[in-house]
Amino acid sequence: MPRMTDLDTQTVPTDARRAVIRDAAAIGVATGAYGVSYGAIGIAAGLSVAQTCALSLLAFTGASQFAFVGVVGGGGALVSAVATALLLGTRNAFYGLRLTSLLDPRGLRRLLTAHVVIDETTAMAVGRRTPELARLGFWATAIILFSLWNLGTLIGALAGSALGDPRVYGFDAAAPAAFLALLRPQLASRRAGAVAIAAALIAIALVPLVPVGVPVLLAGAAAVVAGLWRATNATVEENR
Amino acid sequence: MTLWTAVLLAAAGCYLLKLAGLSVPQQVLERPAVRRTAALLPVALLAALVVVQTFSSGQRLVLDARAVGLGVALAAVLLRAPFIVVVAAATVATALTRLIL
């Protein structure tokens, strides 16, 4: 079998592409099931079916949406609901810094691409062997997940809690398991492994101390420190 | 503020955050320190998400069935199981643990 490099991206075998699409379908189904839960919680929080679905269609970022309906349902001020949603959505901006070089979105495509920059699509794009597989991972996940998340939301909003809690079926463990599996190939690098462990420790230590959403953002500092650290070393060497 | 206004504000804000990330000029992204940081950011954020989504509920640290699910997922990953097997095993293990406890 010929060795694959980043240069001959056209030679990615059909098998590899099928595997990426199958993985995208798996993550889409698990997330869609969670969309049902979001839909039901949205209605219980006092949003209309249209409002609950509008958030899935237009905000399309699960953590922010759960936070929004959580604050509204808990009787919090609408301003705090919006602020919490934005806080949780901030990590998507950081994903964009990496995705720009992988996807190279320009013009109108950039506006469309932006809408589907979320945890799952990023996780399915980074760490692929070739840029072609990275783009396939991103877009296959985007299309499948967007469809199923919105379908799930509608079903949950209409059926309410009749379908039961997706946690009973263990779907709340699907996302962390998926992210762990998708991170694995990247952890071959010692630097990335160290960053992952440091980020996990920072986040868990901060959970009781700062508002929801902030621990994950501050864990990003591990990446910044690792990125700058090498830069400092390189500068020192250049100045010698 | 009406509920609709809040819904649309949250949606617009979430979209603009995503767009902002894709709008950083290429010259900035090409700086070596920025390029290295950008490459490591998804690793850091996703690793943080794994533990936060497993071991927390709001601002509380909790140890529940999800921990069993993640443990099974880790074992499956180390055994080089396919992606679907990792996700399915974690889901089933979490559900079974809840059933038993």
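Conventions we followed
- Residues numbered from 1 in each chain as written.
- Chains lettered and ligands numbered in written order.
- Predicted model: local features only at pLDDT ≥ 70, side-chain atom pairs only at ≥ 80, totals over all residues.
- Helix = DSSP H or I, 4+ residues; strand = E, 2+ residues; numbered from the N terminus.
- Rg over C-alpha atoms; globule rule 2.2 N^0.38 Å.
- Buried ≥ 20, exposed ≤ 12 C-beta atoms within 10 Å, placed from the backbone.
- Contact = placed C-beta atoms within 7 Å.
- Nonpolar A, V, L, I, M, F, W, Y, C, P; charged D, E, K, R; others polar.
- UniProt positions renumbered as here; feature names shortened; annotations may be inferred.
- Domains from an automatic or database assignment.

K.L.:
Just give me the short version of the overall build of chain A, but keep the residues and values in it.
P.N.:
Helices and strands together make up the secondary structure of chain A, namely 11 helices and 0 strands. Scanning chain A from its N terminus toward the C terminus, one meets helices and strands in the order α-α-α-α-α-α-α-α-α-α-α. Here chain A has a C-alpha radius of gyration of 19 Å; the compact-globule value for 240 residues is 18 Å, and the two agree. Structurally, chain A occupies a C-alpha span of about 65 × 45 × 40 Å along its principal axes. Counting only residues that meet the buried cut, chain A has 52% of its 240 residues in that class.

K.L.:
Go over unusual backbone geometry with me, naming the residues and quoting the values.
P.N.:
Of note, the phi angle at A:Phe60 is positive, near 40 degrees, even though the residue is not glycine. As for its placement among the helices and strands, A:Phe60 is situated in the loop between α2 (49–59) and α3 (62–73). Here A:Phe60 falls in the buried class, since 25 other C-beta atoms lie within 10 Å of it. For B:Arg80, which is not a glycine, the phi torsion comes out positive at approximately 60 degrees. Within the secondary structure, B:Arg80 sits in the loop between α4 (65–78) and α5 (83–100).

K.L.:
Any chance you could break down the interface of chain A and chain B for me, citing the residues and the numbers?
P.N.:
When the parts of a complex come together, some accessible area is lost, and that lost area is often used as the size of the interface. Contacts between the two partners involve 82 residues from chain A, matched on the other side by 62 residues from chain B. For the side of chain A that touches chain B, the class distribution of residues is 57 nonpolar, 16 polar and 9 charged.

K.L.:
Now, about the UniProt feature "transmembrane region" (unreviewed entry) in chain A: what can you tell me, with residues and values included?
P.N.:
Residues and elements named next belong to chain A. UniProt tags residues 66–88, 136–160 and 195–228 as "transmembrane region" (unreviewed entry). Secondary structure content for residues 136–160 is 96% helix and 0% strand, and the end C-alpha separation is 34 Å. Note that residues 195–228 is 76% helix and 0% strand, and that its end C-alpha atoms are spaced 13 Å apart.

K.L.:
So what's going on with the domain arrangement of chain B? Residues and values would help.
P.N.:
Residue and element names in this part refer to chain B. What the domain assignment lists for chain B is domain 1 (1–29) and domain 2 (30–100). Just the C-alpha atoms count here: the centres of domain 1 and domain 2 sit 27 Å apart. With 4 residues of domain 1 at the interface, the matching set in domain 2 holds 5 residues. Here the residues of the side of domain 1 that touches domain 2 sort into 2 nonpolar, 2 polar and no charged.

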